[in-house]
Structure formats: structure tokens, C-alpha cells
Amino acid sequence: MSLPETLFDYEAHIATCARGERQALRDLYVQESPRLLGVAKRLVRDTALAEDIVHDAFIKIWKGAAQFDPARGSARGWMFSLTRHLALNFIRDNSREIQGDFDEVADTATFDAQAHSGRIHQCLEQLEPARRACILHAYVDGYSHAEISHKLGTPLGTVKAWIKRSLTALRECMG
Amino acid sequence: MISKPTNETPEERDELASEYVLGTLSAELRTQVQQRLRDEPELRSAVDAWERRLLGLADLAGPHTPSPHLWQRIERSVNNVTRPPSPIAAQSLSWWNLLPLWRGLAGAGLAATLLLGALMLTQTTVKPTYLVVLVGPQDKAPGWVIQASNPREIQLIPLGVIEVPADKALEFWTKADGWQGPVSLGLVKPGQTLSIPLDKLPPLQPNQLFELTLENPQGSPIGKPTGPIQFIGRAVKVI
């Protein structure tokens, strides 16, 4: 079973991985693999592919543990970034079809920002709903500009401008 | 190698970093960013900041339980990864590697004794409230001790003389939980004992991170660590 994030020392486990102790990687896996798989599956929309991504992510964690620098960000954040970028590289390299199960997945995709605490969610609340949807579809679903434009029925140029301005607003809000 | 466009402004760089982290860049631009990240500390620092800002959104995806085979696959692959043998890993160790800690504390004890002697000469009795042992990230050998007798000033004490390449300098950094990024405490010469006032920073906290990185002789050009970590440790409150 995984512990609440605040009770699990991610950094100590990464440091122990760096010393070659397999059990630390196992503990990180037990702690975080369901959430990492959730993130990967939402991006690549296929369970087997998502498991491949998480597999590759844990190998990267194992190999990269000694180079991990806690000054650059949290150990937990590092694990998520690593997994997201593997999945994003995959979907961009394989330029996913816009058709297919796109609409079905998108419609079941619910965003309940209010159920989540944290600064980013408060800042998102301040964006107009359509602009907020652009940011969430991009980050959580891995939609490209074109996919977001298709999904929202909004011109591509407008989507690009919305995203650019929303990111600026988020940076100002979050500091 | 893809080098950065010569006319790129910091705003354009931050925009690129933000869309890289958000995920909206094309495959081609993603590859370019990933290549530039290897040797552009400014871009790396911008990407790191965006990763921290947006991380909270990852929770929205919802967890998905992996199949029972996934761990076995990972374990098999890990067995095939060849790693340079680590001298510490070869020994039988408990969860935390105690030897360097004790070595460090022994060094700190010696340093504290010397300091106490010095303090007795100056007729002051001060008890350290925080202690940090800075160890090498790979070999965990202690190199420096930091002690603070009040949360507003720290002493950095070398446990030996270390080698720094002629064209490089050691820069001292700290970051407490919840800070956006590390803050520079200035350049440090190998073997130098330093007293550093923390008057521009919040008081010391337990678990506060300290590190020494290898930077250019004038220090990091961007105010964030860019070079490899030489020594690292966290503050422990002394009871």
C-alpha cells in the first residue's frame, strides 16, 4: 500500500537507489506506480503502452538516481516529469490520430479542480473555463494544439493564443 | 548539436520551456528542447520551474493499478543494467549509510571542540542549534560541516582540503522546503572556514538543503546551480 506523500521520503529512496539497493526502487514502485501509470495511460490512452512507459521510467529512475539533484525540484516531481516526457515523446513521435476513441475518452475525462488543493488549482480557477480546459487537455490528456482546437471547436490560432496567455497568467499567479 | 537561437529573449525561452512542460510542442521542437537542455542551464532552470508549477495537475489523471507482471519486467531489466560497482553498495548496509554520518559527526565533534575552545577564549557560551554534514553525492564521504548557533548565521567548516579545477569555483547554496529554488550563499575556497549571515533569508529550518556545486570562477551566471554537486546535506536540529 502506498503512504500519503508527506510520509514517504522520496529523496532518501532515490539516494538509496543511487547506492544500488534494489529494495528502494521496489518501495518507490509500490508507492507511486499506480499514479504514474494513471498519468501515462491518460496520455497514451492504452494500458499496455502505458505500462511500457512506466517500465522505461523506472529504468531511468534507477540509472539516473545518482545524478538526481534535489535543488532542481522534488524527487517525486522528478519521477512524474520523467514519466510524462516519455509518454509525450511517444505520442508526438507517433502523431496520434485525431479520430478514433478521441471523443469518447475526452467526454469521460472530468476535471474536478475544486477537489484538489494547491496553488496551481487556485490559479487555474482564475482562468476562463475554455482557457482552463485548454491547459488541462494539454497537460493531462497530452492533446496537441490541433487536437484541442478540434475538441473545443475553436480556431487553431485562438487556441494557441489562449494557451500562451494562460501560461503567462499562471506564471504570474504562482510566482 | 542544436544551439540556442542567438536572438532568443528570456521571455521566448520561458515560453518555450512552458509549452515543453505543458506538452504542446511538436515532436521536432521537443527533440530540440531535449538536446538544448543538456548544455543550457538557463533553459534547464526555466523547465524545472515550470515542472514545479504544473506538477499538481498530474493528480488529475487518477491512479491505475499496474498488472502484476509490470514489476517483474522492471526487475528483469534492472538486472540487465550494468552499473559501475559502488564501493558502498558492496558492503552490507542498513537503510541509511551510517558510516559517513558517523565520520561526519566525528569531524563535526572535532570541529565543535575547536569552536568551543575558541568560544571559551572569547568568554561566550553558544550551543549549536543546527548541524549539517555535507557529503559527496557518490561516495558519501563527508567534506564539510555546517553549524549554526543561532538561526541567523551559519559557520561552514571544512573537514579537509579538496581539489577544485583551476578554472572553476565552489558555490554554496541553500534551499528550504517550500522555496521556489535554491539561493546562493556565495563562493567558497577549498579549505576555507566561513561565517555566513542569513539575514536576507528566512530562519534556518530542519531538513533545509545545503550544497556546494562546481561553477565558473565568478559563480553561476544565472543565480541557480548549473554545475555538478560536490557536497550535499540537510540541516538537523541539535537537541
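Above this text you will find the structure in question.
Here we summarise the structure given alongside this text. Since the model is a prediction, treat every value here as computed from it, not as a measurement.

## Some thoughts on the state of the cysteines
Residues and elements named next belong to chain A.
- Here the structure, examined in full by the defined rule, presents 1 disulfide over all chains.
- With its sulfur 2.0 Å from that of its partner, Cys123 forms a disulfide with Cys173. Measuring the twist about the S-S bond at about -80 degrees, one finds the Cys123-Cys173 disulfide to be left-handed. You can see Cys123 sitting in helix α6 (residues 119–125) and its partner Cys173 sitting in helix α9 (residues 156–174), a full 50 residues away along the chain. Like Cys173, Cys123 is buried.

## Details of the interface of chain B and chain A
- In this complex, chain B contributes 62 residues to the contact, which on the side of chain A involves 67 residues.
- Of the roughly 6,000 Å² buried between chain B and chain A on both sides combined, carbon and sulfur atoms contribute 60%.
- Salt-bridge contacts for Glu15(B) lead to Lys164(A); the nearest nitrogen and oxygen are separated by 3.5 Å.
- At the boundary of chain B with chain A, the tally comes to 24 residue pairs in polar contact (both at pLDDT 80 or more).
- Broken down by secondary-structure element, the contributors of at least two residues to the side of chain B that touches chain A are α1 (10–22), α2 (27–39), α3 (41–54), α4 (69–80), β7 (209–215) and β8 (229–234) of chain B.
- The residue inventory of the side of chain B that touches chain A, partitioned by class, reads 29 nonpolar, 17 polar and 16 charged.

## A few points about the nonpolar core
- Among the nonpolar cores identified, the biggest contains 75 residues, and Leu25(A), Leu28(A), Phe58(A), Leu54(B), Leu57(B) and Ile74(B) are the most heavily contacted of them.
- Tallying contributions element by element places helix α2 (residues 22–44) of chain A first for this core, with 10 residues.
- Contacts of Phe58(A), omitting those with residues within four sequence positions, involve Leu25(A), Leu28(A), Tyr29(A), Ser33(A), Leu36(A), Met79(A) and Ile74(B).
- Counting residues in each nonpolar core, the second largest holds 24 residues, with Leu134(B), Phe172(B), Ala176(B) and Val188(B) among its members.

## A few points about the packing of α2(A) against helix α3 (residues 47–64) of chain A
Residues and elements named next belong to chain A.
- At a minimum axis distance of 9 Å, the contact between α2 and α3 shows a crossing angle of 140 degrees. The angle between α2 and α3 places the two elements in the oblique class. As for the relative orientation of α2 and α3, their crossing is right-handed in sense. Contacts from Arg22, Leu25, Leu28, Tyr29, Ser33, Leu36, Leu37, Ala40, Lys41 and Val44 of α2 reach α3 at Thr47, Leu49, Ala50, Glu51, Ile53, Val54, Phe58, Ile61 and Trp62.
- A class-by-class count of the residues in the contact of α2 with α3 yields 14 nonpolar, 2 polar and 3 charged.

Reading guide: rules and limits
- Residues numbered from 1 in each chain as written.
- Chains lettered and ligands numbered in written order.
- Predicted model: local features only at pLDDT ≥ 70, side-chain atom pairs only at ≥ 80, totals over all residues.
- Heavy atoms only, no water.
- Disulfide = S-S within 2.5 Å.
- Helix = DSSP H or I, 4+ residues; strand = E, 2+ residues; numbered from the N terminus.
- Buried < 20%, exposed > 50% of the residue type's maximum accessible area, 1.4 Å probe, protein only.
- Contact = heavy atoms within 4.5 Å.
- Buried area = accessible area lost by both parts, 1.4 Å probe.
- Salt bridge = Lys/Arg side-chain N within 4 Å of Asp/Glu carboxyl O.
- Polar contact = N/O pair within 3.5 Å; in protein donor to acceptor, adjacent residues only side chain to side chain.
- Nonpolar A, V, L, I, M, F, W, Y, C, P; charged D, E, K, R; others polar.
- Core = buried A, V, L, I, M, F, W, Y, C linked by side-chain atoms within 4.5 Å.
- Axes fitted to C-alpha atoms, helices over the stretch in contact; angles between N-to-C directions.
- Parallel < 35°, antiparallel > 145°, perpendicular 65-115°, else oblique.
- Left-handed = near helix turned anticlockwise from the far one by under 90°.

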